[in-house]
Amino acid sequence: MKNFMTPNYAPAPFILTHGEGTKVWDMGGKEYLDFTSGIAVNSLGHAHPRVVEAIREQTGRLSHVSNMFHHEGYLKLCKKLCELSFGEMVFLCNSGAEATEASIKLARKFFHRRGENRPKLIAFEGGFHGRTYGALSLTQSPKAREGFGPFLPDITHVSYDDLEAVSRAIDQETAAVFIEPIQGNTGVRVPTPGFFKGLEELCRKSGVLLVADEIQTGCGRTGRWFGYQHEDVTPDIMPLAKAMGGGLPLGAVVTSKPIGEALALGIHGSTFGGNPLACASGLTTLEVIEDENLIRRAEMAGRAFINELREIQKSTEIISAVRGRGLMIGLELTTKAKPILVACRESGLLITVAGPKVLRILPPLTTSDLEFTKALEILKKVVSTAHAT
Ligand SMILES: *Cc1c(COP(=O)(O)O)cnc(C)c1O
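Residues numbered from 1 in each chain as written. Predicted model: local features only at pLDDT ≥ 70, side-chain atom pairs only at ≥ 80, totals over all residues. Heavy atoms only, no water.

Enquirer: What should I look at first to understand the site of the ligand in this one?
Expert: Neighbouring residues of the ligand: Ser95, Gly96, Ala97, Phe128, His129, Gly130, Glu180, Asp213, Ile215, Gln216 and Lys242. Gln216 is positioned with one of its side-chain polar atoms (N or O) 2.7 Å from an oxygen atom of the ligand. Here an oxygen atom of the ligand sits 2.7 Å away from a polar atom, N or O, in the side chain of Lys242. Protein contact buries 81% of the 380 Å² of open area that the ligand shows by itself. Its residues placed into classes, the shell around the ligand shows three nonpolar, five polar and three charged. (Near = heavy atom within 4 Å. Polar contact = N/O pair within 3.5 Å; in protein donor to acceptor, adjacent residues only side chain to side chain. Areas by Shrake-Rupley, 256 points an atom, 1.4 Å probe, with all protein chains shown as cover. Nonpolar A, V, L, I, M, F, W, Y, C, P; charged D, E, K, R; others polar.)

Enquirer: Could you clarify how one ought to interpret helix H3 (residues 72-84) in this entry?
Expert: Note: α-helices contain 3.6 residues per turn, so residues at a spacing of three or four share the same orientation. The terminal C-alpha atoms of H3, which comprises 13 residues, lie 18 Å apart, in line with the 18 Å expected from a rise of 1.5 Å per residue. Where the residues of H3 are buried, they touch strand E4 (89-93), strand E9 (237-240), strand E10 (251-255) and helix H10 (276-291). (Helix = DSSP H or I, 4+ residues; strand = E, 2+ residues; numbered from the N terminus. Expected span 1.5 Å × (residues − 1). Contact = heavy atoms within 4.5 Å.)

Enquirer: What is the right way to look at the sheet that holds strand E1 (residues 16-20) in this model?
Expert: Pairing between sheet strands relies on hydrogen bonds along the backbone, with the strands arranged either parallel or antiparallel. Spatial strand order, E1-E2-E3-E13: four strands in an open sheet with mixed pairing. The sheet is open, and its two borders are formed by E1 and strand E13 (349-350), each paired with just one other strand. Of the strand pairs in this sheet, strand E3 (residues 31-34) and E13 are connected by two bridges, and their pairing is parallel. Of the residues in E13, the one forming a bridge with Leu33 is Leu349. Of the strands in this sheet, strand E2 (23-26), E3 and E13 are in contact with helix H13 (residues 369-385), which crosses E3 at around 100 degrees. (Pairing = 2+ DSSP bridges. Axes fitted to C-alpha atoms, helices over the stretch in contact; angles between N-to-C directions.)

Enquirer: Where do I start with the nonpolar core in this structure?
Expert: Among soluble globular proteins, nonpolar side chains are generally buried collectively. The biggest cluster of nonpolar side chains holds 101 residues, and the ones touching the most others in it are Leu81 and Leu92. Apart from the residues within four sequence positions on either side, Leu81 is in contact with Val90, Leu92, Leu240, Met244, Ala252, Val254 and Leu286. Residues Ala40, Ile182, Val188 and Val358 belong to the second largest nonpolar core, which totals seven residues. (Core = buried A, V, L, I, M, F, W, Y, C linked by side-chain atoms within 4.5 Å. Buried < 20%, exposed > 50% of the residue type's maximum accessible area, 1.4 Å probe, protein only.)

Enquirer: I would appreciate a short explanation of the packing of aromatic side chains in the present structure.
Expert: To describe a pair of aromatic rings, one takes the distance between the centres and the angle between the planes. Evaluation of the coordinates by the stated rule reveals twelve aromatic pairs. Each ring, one from Phe124 and one from Phe195, has its centre 5.8 Å from the other, and the planes form 75 degrees; the classification is edge-to-face. Placement of Phe124 in strand E5 (residues 120-124) and of Phe195 in helix H8 (residues 195-206) is noted, with a sequence separation of 71 residues between them. Of the residues examined, Phe124 reaches a relative accessible area of 1% and is grouped as buried. Counting every residue linked through ring pairs, the aromatic cluster contains Phe86, Trp225, Phe226 and Tyr228. The ring of Phe111 has Arg118 sitting right over it, with the charged end atom 4.9 Å from the ring centre. Geometry around Phe151 places Arg145 over its ring, the cationic atom sitting 4.1 Å from the centre. (Phe/Tyr/Trp six-rings, centres within 6.5 Å; stacked < 30°, edge-to-face > 60°. Lys NZ or Arg CZ within 6 Å of the ring centre and 35° of its normal.)

Enquirer: It is not clear to me how the side chain of Ser37 should be interpreted in this structure. Could you clarify?
Expert: Take Ser37: it is sitting in helix H1 (residues 37-40). With a relative accessible area of 0%, Ser37 lands in the buried category. Residues within four places of Ser37 in sequence aside, it is in contact with Asn42, Arg221, Leu362, Pro363 and Pro364.

Enquirer: Honestly, the sheet that holds strand E11 (residues 319-325) in this entry has me stumped. Any pointers?
Expert: On the basis of which strands lie adjacent, the open sheet formed by four strands has the order E11-E12-E15-E14 and antiparallel pairing. Only two strands of the sheet have a single partner each, and these edge strands are E11 and strand E14 (352-353). The pairing of strand E12 (residues 328-333) with strand E15 (residues 358-361) spans four bridges and is classified as antiparallel. Bridged to Leu331 within E15 is Leu359.

Enquirer: Hey, could you run me through the packing of helix H2 (residues 49-59) against H10 in this one?
Expert: Any two packed helices are characterised by how steeply their axes cross, that is the angle between the axes, and by the distance between the axes. For the pair H2 and H10, interaxial distance at closest approach is 9 Å and the crossing angle is 155 degrees. Put simply, H2 runs roughly antiparallel to H10. Note on packing geometry: the crossing formed by H2 with H10 is right-handed. Along its contact with H2, which presents Arg50, Val51, Ala54, Ile55, Gln58 and Thr59, the element H10 presents Pro276, Leu277, Ala280, Ser281, Thr284, Thr285, Glu287, Val288 and Asp291. By residue class, the composition of the contact of H2 with H10 is seven nonpolar, five polar and three charged. (Parallel < 35°, antiparallel > 145°, perpendicular 65-115°, else oblique. Left-handed = near helix turned anticlockwise from the far one by under 90°.)

In structure tokens:
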């Protein structure tokens, strides 16, 4: 079949046709365990009956109204996100990059309204915040940036986990620091305990806003509703997307009332953002996470799975580190990650990479014990036959 796609992706050489829970099937009928969750999106697995029903019901009633009108889902979803987090106000959009963009605009506008000149932003080396110009300007990856410049000015990148470096970078014109509680796309890096708390203190002392990019870590993935809750930190602004939409495009910016009010009438918006269909899917997803006790499940299953992976690590020289929180897990390898990913795929286990030598494992929070055991067997077999390069 002639392929009309731009070449920016390298999809697996088969076509997926349907899924149920953690399992997906391709056109040839081959079954896989999906430990990618569509890159931390499908936290309830595929085709969760309650989400399917919510979308079906909503699309038969009202799928889009634009933001000229209220609809119940928008109001309920904003309320729910605030109940689950530090938030008091929410803006809804369609994706992670859009949530990052809105967070950048919000941080700058907040100070502008107070008559303060604070255009500068700080982000971390190895961080990932999205692919639009603002978000990409915060993302330091050379591969993502090459040939796309110039970028937003007034952005400084500092070393992750280095409070001294942040402290040196902050000045009176700094508006915000953007941080992922765990760096997702680059290595599943978990910061040293105390770093996030120290960052919060630095921000408070200098009046800088703390933006926790929870697009990947949010909505239960790490065994808490949000990654910042592991560290007893309170961010000022939190972009969300990925899992919160339950598979439909949905993003959010969660913030406090004083900051949220800076997004005044008419100054920002999105035609699709928070439309009834996406909100029905998102709200139901959050409700299912609550009703099925999946935050606790992510914590416990993640702990057990990480322990098992550490056992496998003892039997091979190609795994140099196992890290992560809840069901956001990284395996640092001494060899290239892609061939391991391919071998797992051939054995029926789908996983992702997070850098050239890191495997990233993101199972649905609903994955059963039996499915974890099966995935471990495949991983064990694959790494025991792989050779260090
Ligand atoms: C995926 C991701 C984004 C970008 O989200 P998109 O929906 O792909 O635009 C931003 N930040 C983090 C931490 C992410 O993991």
